[in-house]
Amino acid sequence: MTSHNPIILEQALSRPPKANEATLRGDSVSADRYTSADYLAREFKNVWHRVWNIGGVAYQMPEPGDYLTAEIGIDSVIMVRQETGEVRAFFNSCPHRGTRITEALDGHAQRFTCPYHGWEFDRAGVVTAVPDEEDFAESPCGKARLKEMRCEERFGLIWFNFDDTAVSLEEFLGEQITCELDSHRMQDMTRVLDITAEATCNWKIITDNFNEAYHVKVLHPELIPYIAADYQDCQFDLFPNGHNRGWFPSFMPSKQYGSDTIGEPLKSMAAAWGINSDDYVGRDSWKQLRVDIQSAKRAKGDERGYKHYSYLADYQLTDYVIYNLFPNNVITVGPDGVQLLRPRPHPSDPTQCLFDHWWLVNPIEGQSMTPSPAGGPDLPVEDAMHEHIRYGEKSLGTTADQDLSIAAMQQQGLASAGYQGYWMPNQERRVQAFHERLNDLMTG
């Protein structure tokens, strides 16, 4: 992998390059995909077993024998660092009689031992010892093994795919998305927030929510003072394989902002880079404020310790870009961090899901604390302990709390006999594209 992004750094870009979009079919969106246990069961085979999933953060397993586990619905996966440095992934299911080998989230193992009958496996998943080996008609040692799956390490993350015939991760994502994510150098970041919440809605309701910004002006008014949320100011792109991207110019208020003068938090955000926002009055001047902040960051970033700015295009110094990677990985990149918002399916209940919230930040020399995207006090710049909660037990952040509160209401409405299907504007075409890709996989 090159140290610089050839697409991003060739020129100072004011926005991401547009994608060439395929024409949508206009498929209807049925309610059963949100409410049916049978539909959920078929999803595991037709969707989750055919896509690339994020298993964990690579820096948590630096040495041979280090491992992480991940769950997608009914399936558990063990990812193990090998002596060669590569990571291999296996189903967490003993070939003897199916028991899970481990329930730990992470750890280090010279060997794995099944807790039921004591079968032992090396780091490559091969059975090395069993009790009463002489009692077998044919010894399983050296022959039986954990079932392996595709695994790749990219962007500082570990990815796995159950499908042995799947295309590579880069081909799955496409060159443009891969190149743009590379520019943020997530492999150099630290995950300072790691929360999983049990939510009372189908995973696709949360995915739909992040596939559109039509709701932002109503549901997230706190964003209006510093993020442009109107579709005329933003850019939405559809890519092959069901992925999409939303670009939101920031460090400038949205059209709904009710004043000609800049207020908080943008006032302080500008002042941090030596810019007096009082000099920018009225909407026509706000676009210039965004450009001037980009210039200030470009000029002063390196000396202040923001070394990662040298890898970013101009728009990436201020703006937020949301990459919706089919089916469920929502990666929001900003100038100083990357947020993963990810719903995962419940193993058996279509009206529930698990919602993951990660926040990864660039290390800045001299800064031991960083603002939290979840609200509340600043977070230490160190690897976060995993928290598992039920939604409502603690805040996931103002924006995420708002999203999950409305998701529960939508789940109820979708189950109603009054549900009539979706009636969406063009700016919600990413929702439509998601469901058409889903339909393609569900129908083979």
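Note that the structure is predicted; figures quoted are calculated from it, not measured. (Residues numbered from 1 in each chain as written. Predicted model: local features only at pLDDT ≥ 70, side-chain atom pairs only at ≥ 80, totals over all residues. Heavy atoms only, no water.)

A.B. asks: Describe the overall build of the protein, with residues and values.
C.D. replies: Counting its regular elements, the protein contains 10 helices and 20 strands. A globule of 444 residues ought to have a C-alpha radius of gyration of about 22 Å, and the protein, at 23 Å, matches this closely. Taking all 444 residues of the protein together, the buried fraction comes to 55%. Relative to all contacts within the protein whose residues are 6 or more apart in sequence, the contacts with residues 24 or more apart total 65%. Carbon and sulfur atoms make up 50% of the accessible area of the protein, which amounts to about 19,500 Å² in all. Computed over 40 positive and 64 negative side-chain charges, the separation of the two mean positions in the protein equals 4 Å. (Helix = DSSP H or I, 4+ residues; strand = E, 2+ residues; numbered from the N terminus. Rg over C-alpha atoms; globule rule 2.2 N^0.38 Å. Buried < 20%, exposed > 50% of the residue type's maximum accessible area, 1.4 Å probe, protein only. Contact = heavy atoms within 4.5 Å. Areas by Shrake-Rupley, 256 points an atom, 1.4 Å probe, with all protein chains shown as cover. Lys, Arg positive; Asp, Glu negative; His and termini not counted. Charge placed at Lys NZ, Arg CZ, Asp CG, Glu CD.)

A.B. asks: I'd love a proper account of the sheet that holds strand β20 (residues 387-390), names of residues and values included.
C.D. replies: A sheet is described by the order of its strands in space; here eight strands give the open sequence β12-β13-β14-β15-β16-β17-β11-β20, paired in mixed fashion. Both edges of this open sheet fall to β12 (235-238) and β20, since each of them pairs with a single strand only. Averaged over neighbouring strand pairs, the angle between their axes works out to 15 degrees when direction is ignored. The sheet contact formed by strand β11 (residues 190-199) and strand β17 (residues 353-361) spans nine bridges and is antiparallel. Within β17, the residue paired with Asp194 across the bridge is Trp358. Against the sheet, helix α10 (residues 429-442) engages β12, β13 (244-248) and β14 (320-325), with an angle of about 15 degrees to β12. (Pairing = 2+ DSSP bridges. Axes fitted to C-alpha atoms, helices over the stretch in contact; angles between N-to-C directions.)

A.B. asks: Run through the pairing of β12, naming residues and quoting values.
C.D. replies: Look at any regular strand and the pattern is simple: side chains alternate between the two faces of the sheet. Alternating residues of β12 divide into Gln235 and Asp237 and Phe236 and Leu238, and every residue in both groups is buried. Pairing analysis gives four bridges linking β12 to β13, with the strands arranged antiparallel. Bridge assignment links Gln235 to a residue of β13, and that residue is Trp247.

A.B. asks: Please give an account of the sheet that holds strand β8 (residues 127-129) that cites residues and values.
C.D. replies: Strand order across the open sheet formed by three strands is β6-β7-β8, with antiparallel pairing between neighbours. The open sheet has two edge strands, β6 (112-113) and β8, and neither has a second partner.

A.B. asks: Account for the nonpolar core, naming residues and giving values.
C.D. replies: Core analysis: the biggest nonpolar cluster contains 109 residues, and Met79, Phe160 and Leu181 have the highest contact counts within it. Among the elements that make up this core, the one with the highest residue count is β17 (six residues). If you look at the next biggest cluster of nonpolar residues, it comprises 16 residues, including Val80, Ile101, Phe121 and Val130. (Core = buried A, V, L, I, M, F, W, Y, C linked by side-chain atoms within 4.5 Å.)

A.B. asks: Account for the pattern of salt bridges, with residues named and values stated.
C.D. replies: One pass over the full model with this rule turns up 28 salt bridges. Glu71 is the salt-bridge partner of Arg100, the closest N and O atoms lying 2.7 Å from each other. Here the residue Arg100 occupies a position in the loop between β4 (87-91) and β5 (106-108), and Glu71 occupies one in strand β2 (residues 66-72), the gap between them amounting to 29 residues. Owing to a relative accessible area of 34%, Glu71 belongs among the partly exposed residues under this scheme. (Salt bridge = Lys/Arg side-chain N within 4 Å of Asp/Glu carboxyl O.)

A.B. asks: Tell me about the packing of helix α2 (residues 37-48) against α10, and name the residues and values.
C.D. replies: Contact pair α2 / α10: the axes reach a minimum separation of 9 Å and the direction vectors enclose 85 degrees. Here α2 is positioned roughly perpendicular relative to α10, judged by the angle of their axes. Contact residues: α2 offers Tyr39, Arg42, Glu43, Asn46 and Val47, while α10 offers Leu438, Leu441 and Met442. Of the residues contributing to the contact of α2 with α10, the split by class is five nonpolar, one polar and two charged. (Parallel < 35°, antiparallel > 145°, perpendicular 65-115°, else oblique. Nonpolar A, V, L, I, M, F, W, Y, C, P; charged D, E, K, R; others polar.)

A.B. asks: How would you sum up the packing of helix α5 (residues 203-210) against α10? Please name residues and give values.
C.D. replies: Where α5 meets α10, the closest approach of the two axes is 8 Å, and the angle between their N-to-C directions is 140 degrees. Considering their axes alone, α5 and α10 lie oblique with respect to each other. Relative to α10, α5 is oriented so that their crossing is right-handed. Counted together, Trp203, Lys204, Thr207, Asp208 and Phe210 of α5 and Arg430, Val431, Phe434, His435 and Leu438 of α10 form the full contact between these two elements. Taken together, the residues of the contact of α5 with α10 sort by class into five nonpolar, two polar and three charged. (Left-handed = near helix turned anticlockwise from the far one by under 90°.)

A.B. asks: So, the pairing of strand β1 (residues 53-57): which residues are in play, and what are the values?
C.D. replies: For β1, a buried count of five out of five residues is recorded, marking the element as mostly surrounded by other parts of the structure. In this sheet, strand β10 (residues 157-161) lies alongside β1 in antiparallel orientation, the contact comprising four bridges. In the sheet register, Asn53 faces β10, and the bridge partner there is Phe160.

The values are spatial; any link to function lies outside them.
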